[in-house]
Amino acid sequence: NVDELVKWYNQIDILICNSYHESFHYTSHEAMSCGRYALSHFWDGAEEFFDDDQIYLTDNELISKVQSFYSIDDDSIQTALNVTEEGEKNKVWDD
């Protein structure tokens, strides 16, 4: 159910995809469509869908990226989460 997925995605800050072999990474794309920040384990082609700062290879890289996300100021987090000054989420799916 799309409505339930949208509601769930909008309750999280970061989606972490640990999959090494997933055909299309639908979950990550759905989360990003809802304005959520997504991190993905490296896989061939990941750089076509994710920025370099969203891809990790080791557990330590993942920890560092999550810590970096939460250590930035609130305005930067809102930008990373794709939220406008009016508090509106710039997302494809509405809740």
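Quick notes on the rules
- Residues numbered from 1 in each chain as written.
- Predicted model: local features only at pLDDT ≥ 70, side-chain atom pairs only at ≥ 80, totals over all residues.
- Heavy atoms only, no water.
- Helix = DSSP H or I, 4+ residues; strand = E, 2+ residues; numbered from the N terminus.
- Expected span 1.5 Å × (residues − 1).
- Buried < 20%, exposed > 50% of the residue type's maximum accessible area, 1.4 Å probe, protein only.
- Arc of directions from axis to C-beta.
- Lys, Arg positive; Asp, Glu negative; His and termini not counted.
- Salt bridge = Lys/Arg side-chain N within 4 Å of Asp/Glu carboxyl O.
- Polar contact = N/O pair within 3.5 Å; in protein donor to acceptor, adjacent residues only side chain to side chain.
- Contact = heavy atoms within 4.5 Å.
- Pairing = 2+ DSSP bridges.

Draft legend 1. Layout of helix H3 (residues 59-71). Counted at 1.5 Å a residue, the expected span for H3 with its 13 residues is 18 Å, and the 18 Å between its end C-alpha atoms agrees. For H3, the set of buried residues is Leu62, Lys65 and Phe69. Along the axis of H3, the buried positions cluster into a sector of 65 degrees, meaning they face one direction only. Residues of H3 that are exposed and point over 90 degrees away from its buried face: Asp59, Asn60, Gln67 and Ser71.

Draft legend 2. Spotlight on the side chain of Lys65. Turning to its location among the elements, Lys65 is positioned in helix H3. No salt bridge is formed by the buried Lys65. Its closest oppositely charged neighbour is Glu61, at 5.7 Å. At a separation of 3.3 Å, a polar atom in the side chain of Lys65 contacts the main-chain carbonyl oxygen of Ile55. Residues contacting Lys65, with those up to four places away along its chain left out, are Leu39, Asp52, Asp53, Gln54, Ile55 and Tyr56.

Draft legend 3. Looking closely at the pairing of strand E2 (residues 37-41). Among the five residues of E2, five are classified as buried, and the element is accordingly described as predominantly covered. Examined bridge by bridge, strand E1 (residues 14-17) and E2 share four bridges and lie parallel to one another. Residue pairing across strands places Ile16 opposite Leu39, the latter belonging to E2. Pairing analysis gives two bridges linking E2 to strand E3 (residues 55-56), with the strands arranged parallel. Of the residues in E3, the one forming a bridge with Ser40 is Ile55.

Read these as geometric descriptors, not functional statements.
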